[in-house]
Amino acid sequence: MVVALIMVLVVVGSVAFHLVSPWWWTPIASNWHYIDNTITITFWITGFVFAAVVLFMAYCVYRFRHRPGLRAMYEPENKRLESWLTVVTAVGVAAMLAPGLFVWSQFVTVPPGSSEIEIVGQQWRWSYRLPGPDGRLGLSDVRYVTADNPLGLNPDDPNGRDDVVIDNDDLHLPIGKPVKVRLRSIDVLHDFYVPEFRAKMDMIPGSVTYFWFTPTRTGTFEVLCAEMCGTGHSVMRSRVLVETEVEHRAWLSQQRAFAELEVSGR
Amino acid sequence: MSSAAPGVQEVIPASDVAEAELYHPHSWLTKYVFSQDAKIIGIQYTVTALAIGTVALVLSWLMRVQLGFPGVLSFIDPATYYQFITMHGMIMVVYLLTAVLLGGFGNYLIPLMLGARDMVFPYANMLSYWTYLLAVVVLVASFFAPGGPTGAGWTLYPPQAILSGTPGQDWGIILMLVSLMLFIIGFTMGGLNYVVTVLQARTRGMTLMRMPLTVWGIFTATVMALLAFPALFVGAVMMLFDRLLGTSFFMPALVELGQLREHGGGSPILWQHLFWFFGHPEVYIVALPAFGIVSDLISVHARRNIFGYRMMVWAIVAIGALSFVVWAHHMYVSGMHPYFGFFFATTTLIIAIPTAIKVYNWLLTLWRGDIHLTVPMLFALGFIVTFVNGGLTGLFLGNVVVDVPLSDTLFVVAHFHMVMGVAPILVIFGGIYHWYPKVTGRMLNEGMGRIHFWVTFLGAYAIFFPMHYLGLLGVPRRYHDLGEMAFVPPSTATLNAFISLVAFVVGFAQIVFLFNLFWSLRRGREAGSNPWNATTLEWQTPETPPGHGNWGKELPVVYRWAYDYSVPGAARDYVPQNEPMPAPTRAATGQAT
Ligand code: HEM
Ligand SMILES: [Cu+2]
Ligand SMILES: [Cu+2]
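### Section: the coordination of the iron atom of ligand 1
All names here are of chain B. For the iron atom of ligand 1, the protein coordination sphere consists of H88 (NE2) and H417 (NE2), at 1.9 to 2.0 Å. Around the iron atom of ligand 1, the six donor atoms sit at angles spanning 87 to 179°, and that spread fits a shape best called octahedral. Placement of the pair is H88 in helix α3 (residues 78-114) and H417 in helix α12 (residues 410-440), with a sequence separation of 329 residues. Each member of the pair, H88 as well as H417, carries the same accessibility label: buried.

In structure tokens form, the structure reads like this:
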């Protein structure tokens, strides 16, 4: 009796917590509302199953609790019931997987015409690189990393001379334009994570990873590191400012190109 | 003090199956310390694992102090915090859960449940325990090594694990890798034993499809572990080389705190594949024995046959096999080729189907049962709730694109604690309450057991259920201090403090349990040989606790499956496996082997 009641309360409490909890996802600021939708579908299906299972269990505990004279039913199997349950489960699983895979194919396909930027992680700060007027990012390699060239740009690559390097400062992005983010690390694993954008991806020394998104809301967003990277992991912060095209161009015009940095560094 | 058979014979007389000659101890030392009796070895494993598990529990308190009340304990700086989470995670998963479920329950129950006298290789079995103990000692030594234990996270991801931005990069990581290798060597000796024993040493009539699900779970998990652990072993060897000899298995060209290192060409992702090729099956290595044990607990205490036994066996085997092709769901955002996502999301969600079948069958076993709400049954019910909860959140994380925002947040921490932390631990407790009477001859105290259950179950649920929502909000895992985060409301600090307080209470409830273990040893009610009226062979031994060799003169002969509860027409509500069938069928089954 009491046991069944507590189990029911666990379900009621969980549902109530879900409904009133002040902790919920941040208002989205990118095109990935599909991800949020898939989460919503998944919450409905799994929430229903959880409640059904635990309530059924509570019912059994109440209805079939031991009383003198009660005897359990002897029934080793029931093929029809078992196959039926298997099929229903498979349908439920497919209902979650299908939208998931559909959105994943969008997630991994960068739309043509996206601008490209680079984000570099190192213990324990963020740097950014935007292509200059030529629209192309120059080559890089860790062997070129110095205090003046923190991203290891290849000084001999002409494509890189005009690249804008932002070391340890905010990233600015124009609203409404798809961006492909190239991710690099020069020491250990890091992970560029802005909760409002939903997307994230590890950065790996020795390779380049990517993801893409379109900022859909202006504002200032916090950048966190989501992959353990040593003692400074939780203080590895930065900011992304999403702004209008005009503001963005004004900001960009004040940044200095790699070639200029290099000169001033000498 | 005499061994199994009363009387003078050194060798227990053979029944008509081939008899293993057991080594008979001559001194206290060979009987209780360097014992070759699987039952003693099982107890040694369990006690050692619970002891090191207590260390992990204390570490979780310290972590929760820091998360709930940041800065209160000033010695918990980021480096210490990372050392704590690493040691906590690794101890819990490998040195506690794996060791208790396979080394503890496996050793104690496999021979007894199958009607064998012992494991087939008792000497290797003894070595298995002592190697495990050595692994634990090496692990503990890293707390005292210069620089302390490694703080690389339990996943030990390189390059970070062996570079100087991470605590314990000089001695800690080396000791950790060596300890893991020792653990694997020890496990392999025990594991081969369990497999061969199950395949070769079953008593007459004990066909595979008559084995209790506990044995099926442990057996399948052991086969998996024998296939999965080598990946970790290889990875550990390579990482040791990278660390000690300067090779570059996992190390690309990189800069270490401003200094270019002489590495090049290695792949950090290779480690992740090796680690998770072990790590995902590891989840099921822990889960499958728990599934098996909980099936038996439910069946015994609901006085009803397990529903859909054959389906349950196939589900265990299917889960075991499938779990070797899902490992990269831990790597959706690792930067591996994105097309892997399609494959691994599909396989991962397919596993949900056999898993769901198991849950249905547990429920259908309760349905129309005669449910005795004993302490083991309570733990089984608690397991169903937490396992279903954690299994369902796995459908979020397995579904590749949903994992993108949630990975590396507290959602993941909440998920795996629910499904592979709390759920198997509840089964372990349930199993201990269930089999303690066989091991010691006395019952554990029921009142303390109930307190232990309710505080642990409700407390653990209250700790980990709300935590999902912090992850959904975006709070990352492995953060020493949240600091200022604009998107995190101030109420989060309150929730974190609440979680910590509950964690302390749950921790203290474990002291009640440990106390009960000691107290009942002398004061517990006499159990008799079969206090739960169970059918399986371990309850039919001539002596309780069973002596060396388990069965006295004659091995039991098995006539039926393990779940003859409430058989219509039978006098009692259970029929032991070694009870012959009623007259007409008797001759037929009697000669079958
Ligand atoms: C009441 C008991 C427990 C509490 C309060 C607790 C608490 C914690 C906390 C606070 C963390 C660190 C979270 C973070 O900042 O990332 C953690 C990590 C972890 N815990 Fe537990 N835990 C408990 C039991 C368990 C059990 C039974 C297991 C067994 C599977 C377990 C396995 C882990 C693992 C694998 C990690 C991850 C370590 C890492 O990130 O490297 N914990 N736990
Ligand atoms: Cu980090
Ligand atoms: Cu997994």
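Back to the write-up after that little detour.
### Topic: the layout of surface pockets
Residues and elements named next belong to chain B. Of the voids in this model, the second largest pocket is the one considered here, and its volume is about 1,100 Å³. In terms of lining, the second largest pocket is formed by 39 residues, of which the most central are I43, V47, Y108, V439 and T440. Elements that contribute at least two residues to the lining of the second largest pocket include exactly α1 (28-33), α2 (38-68), α3, α12 and α14 (491-523). The dominant element in the lining of the second largest pocket, judged by the number of residues it contributes, is α2, at nine residues. Taken together, the residues of the lining of the second largest pocket sort by class into 22 nonpolar, 12 polar and five charged.

### Some words on the domain arrangement of chain A
Residue and element names in this part refer to chain A. Partitioning chain A into domains gives domain 1 (2-64 + 79-108) and domain 2 (115-265). Facing 13 residues of domain 1, the contacting portion of domain 2 comprises 15 residues. Taken together, the two surfaces of domain 1 and domain 2 that pack against each other cover about 1,200 Å², and 51% of this comes from carbon and sulfur. Across the contact surface, domain 1 and domain 2 share one salt bridge.

### Structural notes on the sheet that holds strand β5 (residues 179-185) of chain A
All names here are of chain A. The strand order across the open sheet built from five strands is β3-β2-β1-β5-β8, with neighbouring strands paired in mixed fashion. At either end of the open sheet lies a strand with only one pairing partner, and these are β3 (164-167) and β8 (209-213). Direction aside, the axes of adjacent strands within the sheet are offset by 20° on average. Judged from the four bridges that link them, strand β2 (residues 125-130) and β3 form a sheet pairing that is antiparallel. Counted as the bridge partner of Y128 is I166 from β3.

### Overview of the coordination of the copper ion (ligand 3)
Residue and element names in this part refer to chain B. Of the protein atoms, only H280 (ND1), H329 (NE2) and H330 (NE2) coordinate the copper ion (ligand 3), at distances of 1.6 to 1.9 Å. As a motif over one chain, the donors of the copper ion (ligand 3) read H-x48-H-H. Here H280 is found in helix α7 (residues 268-301), whereas its partner H330 is found in the loop between α8 (309-322) and α9 (340-366), with 50 residues between them in sequence.

### Notes on α12 of chain B
Along α12 of chain B, the largest kink reaches about 40° and is centred on H434 of chain B; proline P437 of chain B follows within four residues of it. Within two residues after α12 of chain B, G441 of chain B carries a phi angle of roughly 85°, on the positive side.

### Quick word on the nonpolar core
Formed by 276 residues in total, the largest nonpolar core has its most connected members in F192 of chain A together with Y95 and W362 of chain B. At 23 residues, α3 of chain B tops the list of elements feeding residues into this core. There are two domains that each give this core at least three residues, and those are domain 1 (2-64 + 79-108) and domain 2 (115-265) of chain A. Setting aside residues up to four positions removed in sequence, W362 of chain B forms contacts with F291, V294, S295, I298, I306, M312, F383, I384 and F387 of chain B. In this structure, V120, V145 and V165 of chain A together with V255 of chain B belong to the second largest nonpolar core, which totals nine residues.

### Quick notes on the side chain of E118 of chain A
Residues and elements named next belong to chain A. On the secondary structure map, E118 appears in strand β1 (residues 115-122). At 2.9 Å, the side chain of E118 forms a polar contact with the side chain of R184. Contact partners of E118, with chain neighbours within four places excluded, come to S127, Y128, R129, L137, L151, R182 and R184.

### Some remarks on the sheet that holds strand β9 (residues 219-225) of chain A
Residue and element names in this part refer to chain A. On the basis of which strands lie adjacent, the open sheet formed by five strands has the order β4-β10-β9-β6-β7 and mixed pairing. Only two strands of the sheet have a single neighbouring strand rather than two, namely β4 (171-174) and β7 (200-203). In this sheet, adjacent strand axes meet at a mean angle of 25° when their direction is disregarded. Two strands pair when backbone bridges link them, and strand β6 (residues 190-193) and β7 are joined in this way by four bridges, in the antiparallel orientation.

### With respect to the site of ligand 1
Residue and element names in this part refer to chain B. In the vicinity of ligand 1 there are 23 residues, among which Y81, H88, W154, H417 and R478 approach most closely. Here a nitrogen atom of ligand 1 and a side-chain polar atom of H88 are 2.8 Å apart. Within the contact set of ligand 1, an oxygen atom lies 2.7 Å away from a backbone nitrogen or oxygen of R478. Elements represented by at least two residues in the shell around ligand 1 include exactly α2, α3 and α12. In the shell around ligand 1, the residues fall into 14 nonpolar, six polar and three charged.

What counts, and where the lines are drawn
- Residues numbered from 1 in each chain as written.
- Chains lettered and ligands numbered in written order.
- Predicted model: local features only at pLDDT ≥ 70, side-chain atom pairs only at ≥ 80, totals over all residues.
- Heavy atoms only, no water.
- Donors = N, O, S within 2.8 Å, 3.2 Å for Na, K, Ca; no water.
- Tetrahedral: all angles 85-135°; square planar, octahedral: opposite > 155°, others 65-115°.
- Helix = DSSP H or I, 4+ residues; strand = E, 2+ residues; numbered from the N terminus.
- Buried < 20%, exposed > 50% of the residue type's maximum accessible area, 1.4 Å probe, protein only.
- 1 Å grid on protein atoms, 1.4 Å probe; cavity = no way out; pocket = protein on both sides within 12 Å on 5 of 7 lines; lining within 4 Å.
- Points joined across faces, edges and corners; volume = space filled by probe spheres on them.
- Nonpolar A, V, L, I, M, F, W, Y, C, P; charged D, E, K, R; others polar.
- Domains from an automatic or database assignment.
- Contact = heavy atoms within 4.5 Å.
- Buried area = accessible area lost by both parts, 1.4 Å probe.
- Salt bridge = Lys/Arg side-chain N within 4 Å of Asp/Glu carboxyl O.
- Pairing = 2+ DSSP bridges.
- Axes fitted to C-alpha atoms, helices over the stretch in contact; angles between N-to-C directions.
- Bend = angle between axes of the 7 residues up to and from the residue.
- Core = buried A, V, L, I, M, F, W, Y, C linked by side-chain atoms within 4.5 Å.
- Polar contact = N/O pair within 3.5 Å; in protein donor to acceptor, adjacent residues only side chain to side chain.
- Near = heavy atom within 4 Å.

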